[in-house]
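# Structural characterization, general
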Amino acid sequence: KPWLRAFGVNTDVMKPEKQPKVFDAVFPATCAGWKRHGLFSRALKSKGVVCGRFQESDPVGFLNCRENGTLVLPELPYPAVNALYNASWCCVNTSSEWGGGQRTTLEAMAAGIPVIVMKDSIKNREYVEESGAGLVVEPDELQIQKAIEEIKTWTPEQRARGRQYVENKWTARHYADNIIKGINQVLKK
């Protein structure tokens, strides 16, 4: 059956800003088992920051972050999330194949920071591999740490790849245009 993907991020809010790099990596995502916050926090410890909704029904990731010394912030307004992106060397999205996280990946790219995604997260790998705006690694603490150190050596041009990719394909305007195309396809039938 014909289908159309409608997806995008707000590039007016998610954008590069000059900020000192305070964190090695950020992961803004609701704490849920499939997002593997435990993996993030074991790899980053106090060099990482997480923000997102706490879920009483799935507290393990949140508790893992606390146990491993990773700063955990509540769900924040989008401008504050953008500030966290820009205060970080990269975004490490540890979501599994079931975990989604595509908005996080594209927001980080729009903010101008590279993204490290897990090899088993096909949804997020697509964006990173197509754009060249990050690295794909096994869901392994040491591989995540090595990837972060590599990204710290990237040139400004390498870091800018994600923003260019999002502007060309995944803005809110692209999202709206594809919704309209989808509606028009349904109405024609």
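This text goes with the structure placed above it.
Computed from a predicted structure; not experimentally measured.

## A closer look at the layout of surface pockets
Within this model, the largest pocket holds a volume of roughly 330 Å³. Lining the largest pocket are 18 residues, and of these Pro28, Ala29, Thr30, Glu75 and Arg103 sit closest to its centre. Among the elements of the structure, helix H3 (78-86) and helix H4 (102-110) are those that each provide at least two residues to the lining of the largest pocket. Of the residues contributing to the lining of the largest pocket, the split by class is 7 nonpolar, 6 polar and 5 charged. Of the volumes computed, that of the second largest pocket is approximately 210 Å³. Lining the second largest pocket are 13 residues; nearest its centre among them are Pro16, Glu17, Lys21, Gly112 and Arg159. The class makeup of the residues in the lining of the second largest pocket is 5 nonpolar, 4 polar and 4 charged.

## Concerning the environment of glutamate 150
Relative to the helices and strands, glutamate 150 resides in helix H6 (residues 141-151). A relative accessible area of 41% means that glutamate 150 is categorised as partly exposed. Separated by 10 residues in sequence, glutamate 150 and alanine 160 have C-alpha atoms that sit 16 Å apart.

Parameters and conventions
Residues numbered from 1 in each chain as written. Predicted model: local features only at pLDDT ≥ 70, side-chain atom pairs only at ≥ 80, totals over all residues. Heavy atoms only, no water. 1 Å grid on protein atoms, 1.4 Å probe; cavity = no way out; pocket = protein on both sides within 12 Å on 5 of 7 lines; lining within 4 Å. Points joined across faces, edges and corners; volume = space filled by probe spheres on them. Helix = DSSP H or I, 4+ residues; strand = E, 2+ residues; numbered from the N terminus. Nonpolar A, V, L, I, M, F, W, Y, C, P; charged D, E, K, R; others polar. Buried < 20%, exposed > 50% of the residue type's maximum accessible area, 1.4 Å probe, protein only.

Interpretation in functional terms is not warranted from these geometric data alone.
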